[in-house]
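Single-letter residue listing:
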Amino acid sequence: MPRPRSLVAALAVSLAFAGACSSGSGGAPASGASGSTSGASASTTLRIGLSAESGALDPHAFTGNFLLLDAIYEPLVTYGENGRLEPGLAESWTVAKDGKQVTFDLRDGVRFTDGAPVDAAAVKWNFDRWVGNERFSFFRASKVITAVEAPDPDTVVLKLSEPYEPLLQEMSIVRPVRLLSPKSVAADGRFQNAVGTGAWKLVSNTATGAVLERNDGYWGQKPRLKRLEFKVIPDSQARIDAMANGELDLAGGPYLAPITPVEARSLSGRDDVKLLTGAPDVSIMLGFNPKGPAGDKAVREAVIKSIDTASLAKALFLGQARPARRVFPPDVPDSGTDLRLGFDPAGAAGALDAAGYTLGGKTRVKDGKPLSLRLLIPAAPAEGQLDPRTMAAAIAAALGQVGIGVEITPVDAAAYYDERAEGRYDITFFETLGAPYDPSSSIVSLFTGDARAPLWATPATEDLVDKALFARDPASRATAYQALYDAVAADAGFVPLVYRPRLWAVRGEVRGFAVPATDVDLDLTGVTIG
Amino acid sequence: MRAPGRVGSAGRHAARWAVDTAGVLLALSAGVFALVLLARGDPAAVLAATRAGRAATPEQIEVVRAELGLDAPALVRYLRWLAGASTGDFGVSLRTNTPIGPEMADRLDVTLRLVAGSAVVALVVGIATGVAGAVLGRGPLRGALRGGALLAASVPAFWLSYLLVLVIALRLGLAPTSGMAGPATWVMPVTVLGLPAAGALSRVVAVTLREALDRPYVLAARARGSGPVSIVLRDGLPNAAGPILSLAGVMVGGLLVGTVVVEQIFGWPGLGAYFVHAAAARDVPAIQAGALALGCGFILANRLADVLHALIDRRGGRRSRLRQGGT
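Please read these numbers as outputs of a predicted model, since none were measured by experiment.

Asker: Where do I start with the overall build of chain A in this structure?
Answerer: Secondary structure assignment for chain A yields 15 helices and 24 strands. Relative to its length of 530 residues, chain A is compact, with a C-alpha radius of gyration of 25 Å against a globular reference of 24 Å. Overall, the C-alpha framework of chain A stretches about 75 × 70 × 40 Å when taken along its three principal axes. Every one of the 530 residues in chain A was classed for burial, and the buried ones make up 53%. Look at the contacts in chain A between residues 6 or more apart in sequence, and 68% of them connect residues 24 or more apart. For chain A, the accessible surface area stands at approximately 20,700 Å², while carbon and sulfur atoms represent 52% of it. Of the charged side chains in chain A, 54 are positive and 62 negative; the average position of the first set lies 3 Å away from that of the second.

Asker: What's the story with the sheet that holds strand β5 (residues 101–106) of chain A in this structure? I'm lost.
Answerer: Within a sheet, neighbouring strands are paired by backbone hydrogen bonds and run either parallel or antiparallel to one another. Residue and element names in this part refer to chain A. Strand order across the open sheet formed by 4 strands is β4-β5-β7-β6, with antiparallel pairing between neighbours. Of all the strands in the sheet, the pair left with one neighbour each is β4 (90–95) and β6 (145–152). Adjacent strand axes in the sheet meet at a mean angle of 20 degrees when their direction is disregarded. Across 5 bridges, the pairing between β6 and strand β7 (residues 155–160) is antiparallel. Within the sheet, the bridge partner assigned to V148 lies in β7 and is L158. Packing against the sheet, helix α3 (residues 120–128) makes contact with β5, β6 and β7, and its axis sits at approximately 165 degrees to β6.

Asker: I'm lost on the domain arrangement of chain B in this one. Help?
Answerer: How big an interface is tends to be stated in terms of the accessible area lost upon association of its parts. Residue and element names in this part refer to chain B. By domain assignment, chain B separates into domain 1 (3–85) and domain 2 (100–326). Spacing between the C-alpha centres of domain 1 and domain 2 amounts to 31 Å. In this complex, domain 1 contributes 17 residues to the contact, which on the side of domain 2 involves 14 residues. Approximately 1,400 Å² of surface area, both sides summed, lies buried where domain 1 meets domain 2, with 75% of it carried by carbon and sulfur atoms. Contact with domain 2 buries surface across domain 1, with W17, L25 and W81 losing the most and accounting together for 35% of the total. Along the contact surface separating domain 1 from domain 2 lie 0 salt bridges. Counting across the domain 1 and domain 2 interface gives 1 residue pair in polar contact (both at pLDDT 80 or more). The set of elements that each furnish at least two residues to the side of domain 1 that touches domain 2 consists of α1 (2–38), α2 (43–52) and α4 (74–86).

Asker: For this particular structure, what's the right way to read the pairing of strand β1 (residues 45–50) of chain A?
Answerer: Every regular strand shows the same layout, with side chains that alternate between the two sheet faces. Residues and elements named next belong to chain A. Within β1, 5 of the 6 residues are buried, which leaves the element mostly enclosed by the surrounding structure. Taken together, the 6 bridges between β1 and strand β10 (residues 227–232) define a ladder with parallel strand orientation. Within the sheet, the bridge partner assigned to L46 lies in β10 and is L228.

Asker: When you look at the UniProt feature "transmembrane region" (unreviewed entry) in chain B in this model, what are you seeing that I'm missing?
Answerer: Residue and element names in this part refer to chain B. With numbering aligned to this structure, UniProt lists the feature "transmembrane region" (unreviewed entry) at residues 21–39, 114–137, 149–174, 186–206, 244–266 and 286–312. For residues 21–39, the end-to-end C-alpha separation is 27 Å, with 95% helix and 0% strand making up the annotated structure. Its end C-alpha atoms 29 Å apart, residues 244–266 is made of 100% helix and 0% strand.

Asker: I'm lost on the pattern of salt bridges in this one. Help?
Answerer: Side chains that differ in sign of charge can pair as their charged atoms come close. A complete count under the given rule lists 28 salt bridges over all chains for this structure. R107 of chain B is the partner of E53 of chain A in a salt bridge, and the nearest nitrogen-oxygen pair spans 2.4 Å. With one member in each of two chains, E53 of chain A in the loop between β1 and α2 (66–72) and R107 of chain B in helix α5 (residues 100–135) form a pair that bridges those chains. Between D521 of chain A and R178 of chain A there is a salt bridge; the shortest N-O distance is 4.0 Å. Residue D521 of chain A is located in the loop between β23 (510–511) and β24 (528–529), and its partner R178 of chain A is located in the loop between α5 (167–170) and β8 (200–206); the two are separated by 343 residues in the primary sequence. When its relative accessible area of 3% is taken as the criterion, R178 of chain A is described as buried. One connected set of salt bridges, linked through shared partners, spans R47, D249, R507 and E509 of chain A.

Asker: Would you explain the packing of aromatic side chains in this entry?
Answerer: All names here are of chain A. If you walk through the whole model with that rule in mind, you get 12 aromatic pairs over all chains. Centre to centre, the rings of Y218 and W219 are 5.4 Å apart; their planes meet at 45 degrees, and the pair counts as tilted. For Y218, a relative accessible area of 13% gives the class buried. In this structure W219 comes out as partly exposed when scored by relative accessible area, which is 32%. On the numbers, 5.5 Å between centres and 45 degrees between planes, the contact of W504 with F513 is tilted. Look at W504 and you get buried, because its relative accessible area is 0%.

Quick notes on the rules
- Residues numbered from 1 in each chain as written.
- Chains lettered and ligands numbered in written order.
- Predicted model: local features only at pLDDT ≥ 70, side-chain atom pairs only at ≥ 80, totals over all residues.
- Heavy atoms only, no water.
- Helix = DSSP H or I, 4+ residues; strand = E, 2+ residues; numbered from the N terminus.
- Rg over C-alpha atoms; globule rule 2.2 N^0.38 Å.
- Buried < 20%, exposed > 50% of the residue type's maximum accessible area, 1.4 Å probe, protein only.
- Contact = heavy atoms within 4.5 Å.
- Areas by Shrake-Rupley, 256 points an atom, 1.4 Å probe, with all protein chains shown as cover.
- Lys, Arg positive; Asp, Glu negative; His and termini not counted.
- Charge placed at Lys NZ, Arg CZ, Asp CG, Glu CD.
- Pairing = 2+ DSSP bridges.
- Axes fitted to C-alpha atoms, helices over the stretch in contact; angles between N-to-C directions.
- Domains from an automatic or database assignment.
- Buried area = accessible area lost by both parts, 1.4 Å probe.
- Salt bridge = Lys/Arg side-chain N within 4 Å of Asp/Glu carboxyl O.
- Polar contact = N/O pair within 3.5 Å; in protein donor to acceptor, adjacent residues only side chain to side chain.
- UniProt positions renumbered as here; feature names shortened; annotations may be inferred.
- Phe/Tyr/Trp six-rings, centres within 6.5 Å; stacked < 30°, edge-to-face > 60°.

Right, dumping it as structure tokens:
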């Protein structure tokens, strides 16, 4: 597949060109192209980039764009800064002493935009669409909830089969939890209209984009903007061009209109575009397959010590990422303390020498077998993820320095997850899931053998995952999480690489925009233009 | 007596044409199905992961597999698909969860407009520069036309796209960088797609027209005092039409394939972009339907060129008979 590489080349050419153009305009305050759209009058419409069409906006299906769903539909519980849970459509909630029942007190007087009341019956109707349904079995809450009761119009009670601490946090995620008006489906239950209670309501949704307008009956603080226009631009460079040309007011975030560090740099030099970075919520890691050469702890230790993550962050992310020292970035709840890791090539060589890997030529050899690792990567980055090829090349070079051979194996993005699940790798990349799923959802998928492609799973880690998930109070939960991180580090079970940067760009005229608390939210309440 | 015979032969011809086309499409659909089977990447796993917003467990994947009917043997699945497709039911997209037929109909419209616009660019630019190249004597202008045509035919679409965006949209501000709104938004996609075809066409027109113009009857026409315009239009171009039409048939196929890149870069919601997304998501029903639509487009374009070619050949034959009679 020559296309991705040629795209990189095109990007380089166009960047060089853009550089030439902007240096040509010299000290002029703004380049001419943006003049057509900038005016003195304030606009009430925000134009937002979208990397893919948003699909059917049914919160109980899985095709809609996270951020559009978030703008239209609301949860009972919302995910705030630093993972703090805040009241949403539920004003308050109580968890029974035995942990097997949660009672929600619904906010009074809230209506869906079609006029239907948000009462216990409507909430129960929504939950009944997914609780216990096989299609949603991946969602732990759907299995743990045994009954949804509506004792009075203001109260909803969830009965659980076992105490499940992450339940409340899971009530804040987008799909399938957000509340849809019961009147917006056909008689046979088929989804028809996107009707929620959110600050925005849907005007149109097509393959070229979507339009939302302000919900004037919104119960919370109403947005100051009147309209949101989402414009589908599939090509990443084309989105940056549109941003630079003043055709978009906002782009960024992995699920909306991803911006790479290189693109961010090309935008950051412009007066009329502001670049914003949010606290990272995802870490990128290197994982080992214990069945193979990486089953030897000395090899894993050597790999950890050979990679200079500070240089990776600086060179590949142009300084927009920070080197990782934990499983989760520090702002994720229960992320523990920094692990004792450090770049130490001499230590790496020492570990390999001690384990009997002798250096003759470029690659070390033990028992007549050269020490070479298969580094599996997706040939093209998946939606919302960064290009892994340059990072793979940098890692291969670093490991080569201490005599570990690396064979980079790129596969198609869809096949990548299969190959990783089947263990067809010695080393490969892993990422945490990000807010609002973390940390509970990630530790299940990273550290238990039940997961399809765990990062590092042993009987000890599985035990500690259970302890963390089912801890009954915050202190013991924090202790359990830290014990889990320490156990994995003691095994030299993974390499934390970098915390993924969260990059957003807004046009200079946009005021009041802050990088949202999670990559699946889009809070535009205080935003104005001009 | 002759007229019914001719109708019968035309009918037989059309019937054979239909059987041929159906056979090609059947082979194409089976081939695509087999390729998707061979490709790594399990659609159930991709969909289960999409639903979960993260990697799915084996159990979750099995649920999806059963729900989509992917647990049936491959042959059964193919026959099921074929039965649906033959009645116009292409199933539901795994990726968007909407029926594929209407979804494709919307996008087909966009792609056809893009191809039609680009074909106009290719024909107008290609024939004009080709004629100029044939008529001009040896000189720097003819060399420049030749070089230009070669460059146009070989420049990669994505590179040309970014170059046009930089100049037309960013530097001059004449059109938005992407999207499909007013006439201005058509300029860049249609140029990117049409220009390489124009380059190829220009060379063929120049060479065949040059040959035609060197024929004795052109000399004769010239001797009769016909003007150069009349010679090119009446004697030269009709004789060059055959190769041009053959190329045009292939060209439309090339344009259809080119829409994949152009739609992606300029954000046009056509079949090309739909196909790319379907392939990435292993959205088998959508891949099947997309391949069928593109295949139909290819075959139709080629057949149409053949028919036109035959018509022109008949006319050309008649004309040469007349000419022989005249001398």
